[in-house]
2 protein chains.
Amino acid sequence: MNIQAEELNKTLQEVNPALFDMLSERGKAIFFPKKGILGQSAEAKGTTINATIGAAIEDDNSPMRLKSISKNLNIDASKAFPYAPSFGRPDIRARWKEMIYQKNPALGTAPISLPIVTNALTHGISMAGYMFANPGDEVLVPSLFWGNYNLTFINAYNAKIEPYNLFKDNGLDIEAMSAELMSEGDKKILLLNFPNNPTGYSPTVNEMKEIVASVEKAANAGKKVVVICDDAYFGLVFEEGIETQSPFAWLANLHENVLAVKVDGPTKEDYVWGFRVGFITYGIKGGTEELYSALENKTAGAVRGNISNASNLSQSLLLEAFDSPTYKEEKKEKFDILNSRYKAVKEVLKDPKYAEFFKPLPYNSGYFMCVELKEGIDANNVRQLLIEKYSIGVISLNNLLRLAFSAVAAKDVPTLFEGIHSACKELANR
Amino acid sequence: MNIQAEELNKTLQEVNPALFDMLSERGKAIFFPKKGILGQSAEAKGTTINATIGAAIEDDNSPMRLKSISKNLNIDASKAFPYAPSFGRPDIRARWKEMIYQKNPALGTAPISLPIVTNALTHGISMAGYMFANPGDEVLVPSLFWGNYNLTFINAYNAKIEPYNLFKDNGLDIEAMSAELMSEGDKKILLLNFPNNPTGYSPTVNEMKEIVASVEKAANAGKKVVVICDDAYFGLVFEEGIETQSPFAWLANLHENVLAVKVDGPTKEDYVWGFRVGFITYGIKGGTEELYSALENKTAGAVRGNISNASNLSQSLLLEAFDSPTYKEEKKEKFDILNSRYKAVKEVLKDPKYAEFFKPLPYNSGYFMCVELKEGIDANNVRQLLIEKYSIGVISLNNLLRLAFSAVAAKDVPTLFEGIHSACKELANR
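- Chain A carries the name Aspartate/methionine/tyrosine aminotransferase in an unreviewed UniProt entry, which gives Alkalitalea saponilacus as its organism.
- Regarding chain A, the relevant UniProt record gives this comment under Cofactor (unreviewed entry): "pyridoxal 5'-phosphate".

**Brief notes about the interface of chain A and chain B**
Now for step 1: Taken together, the 108 residues of chain A in the interface contact 108 residues of chain B.
Now for step 2: Buried surface at the junction of chain A and chain B, both sides included, amounts to about 8800 Å², of which 56% is carbon and sulfur.
Now for step 3: Three residues stand out in chain A for area buried against chain B, namely I49, L66 and W273 of chain A, and they jointly supply 9% of the buried area on that side.
Now for step 4: For the interface between chain A and chain B, the tally reads eight salt bridges.
Now for step 5: With a shortest N-O distance of 2.7 Å, E58 of chain B and K334 of chain A are connected by a salt bridge.
Now for step 6: The interface formed by chain A and chain B contains 70 residue pairs in polar contact (both at pLDDT 80 or more).
Now for step 7: Taken together, the residues of the side of chain A that touches chain B sort by class into 52 nonpolar, 37 polar and 19 charged.

**Side note on the domain arrangement of chain A**
All names here are of chain A.
Now for step 1: Segmenting chain A into domains produces domain 1 (3-32 + 86-322) and domain 2 (328-428).
Now for step 2: If you look at the interface, domain 1 gives 22 residues, while domain 2 gives 22 residues.
Now for step 3: Taking both sides of the interface into account, the surface hidden between domain 1 and domain 2 amounts to around 2000 Å²; carbon and sulfur atoms contribute 62%.
Now for step 4: Counting the surface domain 1 buries against domain 2, the share from its top three residues, P198, F238 and Y271, is 33%.
Now for step 5: At the boundary of domain 1 with domain 2, the tally comes to one salt bridge.
Now for step 6: Across the pair D270 and K331 runs a salt bridge, and its minimum N-O distance is 3.3 Å.
Now for step 7: Between the two partners, domain 1 and domain 2, sit twelve residue pairs in polar contact (both at pLDDT 80 or more).
Now for step 8: Considered class by class, the residues forming the side of domain 1 that touches domain 2 number twelve nonpolar, six polar and four charged.

**Notes on the environment of Q4 of chain A**
Residues and elements named next belong to chain A.
Now for step 1: Topologically, Q4 is positioned in helix α1 (residues 3-15).
Now for step 2: A relative accessible area of 12% places Q4 in the buried class.
Now for step 3: Taking the C-alpha atoms as reference, Q4 lies 27 Å from P82; in sequence the two are 78 residues apart.
Now for step 4: Residues within four places of Q4 in sequence aside, it is in contact with F31, F32, P33, K34 and K35.
Now for step 5: Of the polar contacts made by the side chain of Q4, one reaches the backbone nitrogen of K34; its length is 2.9 Å.

**What to know about the pairing of strand β3 (residues 138-142) of chain B**
Residue and element names in this part refer to chain B.
Now for step 1: Here β3 lies mainly inside the structure; four of its five residues are buried.
Now for step 2: Both β3 and strand β4 (residues 160-164) contribute to a ladder of five bridges, which runs parallel. If you follow V141 over to β4, its bridge partner there is P163.
Now for step 3: Bridge count for β3 against strand β7 (residues 187-193) is two bridges, and the pairing is parallel. Bridge pairing in β7 links L140 to L190.

**What to know about helix α15 (residues 327-348) of chain B**
Think of an α-helix as 3.6 residues a turn; residues three or four steps apart then line up on the same face.
Now for step 1: End to end, α15 of chain B covers 32 Å across 22 residues, agreeing with the expected 32 Å (1.5 Å per residue, within 8%).
Now for step 2: Every buried residue of α15 of chain B is accounted for by Y327, E330, K334, F335, L338, N339, R341, Y342, A344, V345 and V348 of chain B.
Now for step 3: Buried positions along α15 of chain B lie against α5 (67-70) of chain A together with α6 (90-103), α14 (312-322), β12 (368-373) and α17 (413-428) of chain B.

**Here we look at the sheet that holds strand β12 (residues 368-373) of chain A**
All names here are of chain A.
Now for step 1: Read from one edge to the other, the open sheet built from four strands follows the order β11-β12-β15-β14, with strand pairing classed as antiparallel. Each end of this open sheet is capped by a strand with a single partner; those strands are β11 (358-360) and β14 (395-397). Averaged over all neighbouring strand pairs, the angle between strand axes comes to 30°, with direction disregarded.
Now for step 2: Summarising the sheet, β14 and strand β15 (residues 400-404) pair through three bridges and their orientation is antiparallel. Counterpart to S396 in the pairing with β15 is L401.

**Considering the environment of P142 of chain A**
All names here are of chain A.
Now for step 1: The residue P142 is located in strand β3 (residues 138-142) in this model.
Now for step 2: Overall, P142 belongs to the buried group, its relative accessible area being 4%.
Now for step 3: Separated by 274 residues in the primary sequence, P142 and L416 have C-alpha atoms spaced 28 Å apart.

**Here we look at the nonpolar core**
Now for step 1: F417 of chain A together with F417 of chain B are the most contacted members of the largest nonpolar core, which totals 307 residues.
Now for step 2: The contact partners of F417 of chain B, leaving out residues within four places of it in the chain, are V345, V348, L349, Y354, F358, M369, V371 and L403 of chain B.

**Here we look at unusual backbone geometry**
Now for step 1: Of the consecutive residues N197 of chain A and P198 of chain A, the connecting peptide bond is found in the cis state with omega at 25°.
Now for step 2: Assignment of secondary structure puts P198 of chain A in the loop between β7 (187-193) and α10 (205-220).
Now for step 3: If you check the backbone angles, S391 of chain B has positive phi at about 55° while not being a glycine.
Now for step 4: Mapping S391 of chain B onto the fold places it in the loop between α16 (379-390) and β13 (392-393).

**Re the relation of the copies chain A and chain B**
Now for step 1: Mapping chain A onto chain B calls for a rotation angle of 180° and an axial translation of 0.0 Å; the resulting RMSD is 0.0 Å. Taken together, the rotation and translation describe the operation of a two-fold axis. Among all C-alpha atoms of chain A, that of L73 of chain A lies closest to the rotation axis, at 2.6 Å.
Now for step 2: The share of interface residues of chain A whose copies in chain B are also at the interface is 100%, consistent with both copies meeting through the same surface.

**Examining the packing of aromatic side chains**
Now for step 1: Under the counting rule described, the total for this entry stands at 46 aromatic pairs over all chains.
Now for step 2: Consider the rings of W146 of chain B and Y149 of chain B, whose centres lie 5.8 Å apart with planes at 85°: the pair is edge-to-face.
Now for step 3: You can call Y149 of chain B buried: its relative accessible area is 1%.
Now for step 4: Among the aromatic side chains, those forming a connected cluster through ring pairs are F238, F335, Y342, Y363 and F405 of chain A.
Now for step 5: For the cation-ring pair, K28 of chain A lies above F20 of chain A, with the distance from its terminal atom to the ring centre recorded as 5.0 Å.

**A few points about the packing of α16 of chain B against α17 of chain B**
Between two packed helices, what matters for the description is the angle formed by their axes and the separation of those axes.
Residue and element names in this part refer to chain B.
Now for step 1: Contact geometry of α16 with α17 gives a least axis separation of 9 Å together with a crossing angle of 115°. By crossing handedness, the relation of α16 to α17 is classed as right-handed. Contacts between α16 and α17 involve N381, V382, L385, L386, K389 and Y390 on the former and, on the latter, G419, I420, S422, A423, C424, E426 and L427.
Now for step 2: Of the residues assigned to the contact of α16 with α17, the class counts are eight nonpolar, three polar and two charged.

Conventions used here
Residues numbered from 1 in each chain as written. Chains lettered and ligands numbered in written order. Predicted model: local features only at pLDDT ≥ 70, side-chain atom pairs only at ≥ 80, totals over all residues. Heavy atoms only, no water. UniProt positions renumbered as here; feature names shortened; annotations may be inferred. Contact = heavy atoms within 4.5 Å. Buried area = accessible area lost by both parts, 1.4 Å probe. Salt bridge = Lys/Arg side-chain N within 4 Å of Asp/Glu carboxyl O. Polar contact = N/O pair within 3.5 Å; in protein donor to acceptor, adjacent residues only side chain to side chain. Nonpolar A, V, L, I, M, F, W, Y, C, P; charged D, E, K, R; others polar. Domains from an automatic or database assignment. Helix = DSSP H or I, 4+ residues; strand = E, 2+ residues; numbered from the N terminus. Buried < 20%, exposed > 50% of the residue type's maximum accessible area, 1.4 Å probe, protein only. Pairing = 2+ DSSP bridges. Expected span 1.5 Å × (residues − 1). Axes fitted to C-alpha atoms, helices over the stretch in contact; angles between N-to-C directions. Core = buried A, V, L, I, M, F, W, Y, C linked by side-chain atoms within 4.5 Å. Least-squares fit on C-alpha atoms with pLDDT ≥ 70 in both. Phe/Tyr/Trp six-rings, centres within 6.5 Å; stacked < 30°, edge-to-face > 60°. Lys NZ or Arg CZ within 6 Å of the ring centre and 35° of its normal. Left-handed = near helix turned anticlockwise from the far one by under 90°.

See the structure below:
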């Protein structure tokens with residue numbers, strides 16, 4: 001094993017041996033190469049003649065660039081064209097960390113790591129898999145989960161996906177989750193995704209407490225628990241009494257046996273799906289600066305070997321928006337639009353006639369909601385009929401339809417459900 | 001194994017069983033999930049009410065976006081904010097393929113795959129590792145190679161790096177490379193990186209012929225050879241008689257046992273280090289549309305599980321530049337600047353006094369050149385003295401200094417070598 005990896009591992013073992021045991025073999029071996037070219041480049045920073053950098057510089061020391069590209073950008077060339085560090089831009093990392101505390105007051109002043117920038121959230125989840133999932137390890141996910149977890153964990157790392165039942169009596173089946181956490185095996189990887197994709201469900205304040213208690217119970221029983229919080233749809237909670245903070249806020253300082261891993265980013269929070277910026281952030285009780293630094297170095301090493309670094313251009317555009325005086329107001333405006341669509345769905349579904357063919361699964365947040373079709377109606381047939389006859393697009397998942405109300409104007413919501421109702425009726429009568 | 005992966009594998013086995021054997025276990029199992037959410041979204045394209053998409057759309061059907069971000073972009077919102085496909089934007093894929101043919105006339109009309117977009121070149125190499133490198137597989141690299149290959153192949157995929165001697169008698173040691181190709185084992189993964197990082201060497205026209213002949217010899221002997229062409233510095237050749245085309249041009253249609261994998265992109269070709277766009281493209285003799293489609297689907301599946309997709313914004317900005325009438329002229333201007341720096345290095349090194357302390361390794365292209373220090377002079381000491389006393393930054397690699405002339409104005413080149421000379425002199429006399 002490389003000596004730089006060994007040094008990081010020593011730090012982790014000294015501060016928290018349980019955390020070291022949570023790492024995959026790959027996670028144990030990875031490090032950010034500080035002693036090679038990158039370290040030497042860092043040492044040469046500020047030299048008059050700097051021949052270390054693998055980039056081209058104009059004679060005036062600005063980044064070399066083509067006018068056909070720069071003319072379309074209203075930001076400084078130095079923030080768009082050069083490489084960003086594998087760790088991410090230091091300024092956006094600091095700012096995002098500050099924003100994590102602001103958005104999650106339950107964190108208090110608990111120390112957490114500085115976020116590492118990823119190529120948006122899928123990549124954050126992939127890097128969590130790199131760090132923690134050995135071949136054969138089970139990743140505990142709810143029974144309704146984002147299908148791409150399969151490619152991310154099973155195909156890439158040869159891990160297993162172990163689903164637990166998501167809903168019971170119109171709320172979360174936390175017992176099912178807890179049973180998986182308490183089952184055989186010392187190491188547990190739990191994936192929490194709220195608001196959930198595909199259902200658009202977030203836990204109530206009480207359910208969040210039960211989730212946290214279940215994790216604590218497992219930790220007290222000696223389990224070493226990695227909790228990956230996929231916070232893709234963070235911030236989009238539309239009802240009172242629903243938890244508005246990430247599970248990370250409650251888990252990051254819970255127990256020495258619990259590593260909370262927050263995977264988040266502006267993709268949905270700030271409506272930049274095509275920008276590809278995300279973050280991965282760690283929190284563990286008793287986490288010291290050295291411990292977090294070791295985790296950051298390992299994660300940045302994984303990023304370096306996989307994508308080298310994420311878009312500097314995107315990071316810079318986002319940071320500028322975060323610093324804009326109208327940022328909060330602009331976000332509020334978009335939230336209100338999504339909220340109005342959510343409310344339109346709630347309103348329309350008050351009509352009891354729909355219950356004849358389908359009923360909604362619990363939903364209160366995010367982009368999506370699902371309806372469960374009455375037995376005997378094939379969801380895929382409904383989906384196809386909706387396209388052909390009604391020019392309506394929905395996703396079918398087994399006996400469910402997933403509806404992205406994020407993409408439907410409030411005024412069109414009644415037409416959407418009328419269409420589904422008619423299609424179901426037609427198919428039921430065939 | 002997923003049925004969609006099996007279908008792709010069947011196609012590969014039918015068209016070219018040797019190619020199927022080149023895939024890693026991971027490469028065999030991967031597929032692009034066409035039958036799930038993504039396939040259903042595709043089917044719903046063009047519907048009046050489209051509730052399939054995991055994105056937010058304004059009531060006017062434009063992408064939801066914040067003004068604080070969009071004000072800094074002079075391109076259409078639809079080309080910046082929504083997701084790009086995991087395969088990459090269809091328009092830039094088609095354009096890049098067309099440009100590969102233009103830049104590599106030796107390809108003729110040989111069919112090659114449509115390039116898959118990656119998060120720049122490191123990610124392209126990482127995806128090649130995903131597709132072809134099993135744990136324990138050797139990746140053949142020259143003895144002077146980019147250190148990040150270690151993280152990409154060893155750390156991520158548990159493969160091995162097997163270096164062969166790079167230089168012999170001021171040219172390439174092609175015998176050494178050939179010996180590795182002919183050594184025990186049926187499957188060979190060869191990595192070619194021209195212009196080479198760190199040396200800035202590209203093969204002469206004759207050396208390229210010998211390289212191709214060596215690969216052909218191995219293929220004729222029954223070896224199944226995956227040749228990964230890391231074309232990061234493509235296009236920057238500064239001398240007559242040096243091969244200006246990628247090895248891919250000569251290998252893509254060479255032999256049924258040779259899969260040429262081109263990893264390239266605009267990062268250095270178009271001076272956009274921070275944009276993170278690259279491409280991975282395949283060529284094999286007898287490659288049919290079905291075969292290439294199967295490889296593209298597998299690669300896009302790997303991309304989907306790893307990063308989901310690459311920056312739409314960056315792809316769109318680049319495509320617009322490619323289509324600009326001044327694009328070629330702008331590139332020529334930048335090439336000329338780099339060429340003038342290269343020429344300045346050649347000129348300065350004509351002075352015989354430098355031979356007292358160092359001599360250049362062969363170089364003719366790219367961003368870099370290396371000097372080998374006389375025995376007894378420690379390169380790292382030289383490097384540190386250069387920073388402290390001369391404000392000059394260079395990279396030390398064992399007994400070499402790597403100099404990025406790409407980052408040094410031609411007028412500063414004499415000062416750079418004067419400084420190195422003085423530092424060497426001082427250390428030699430200590």
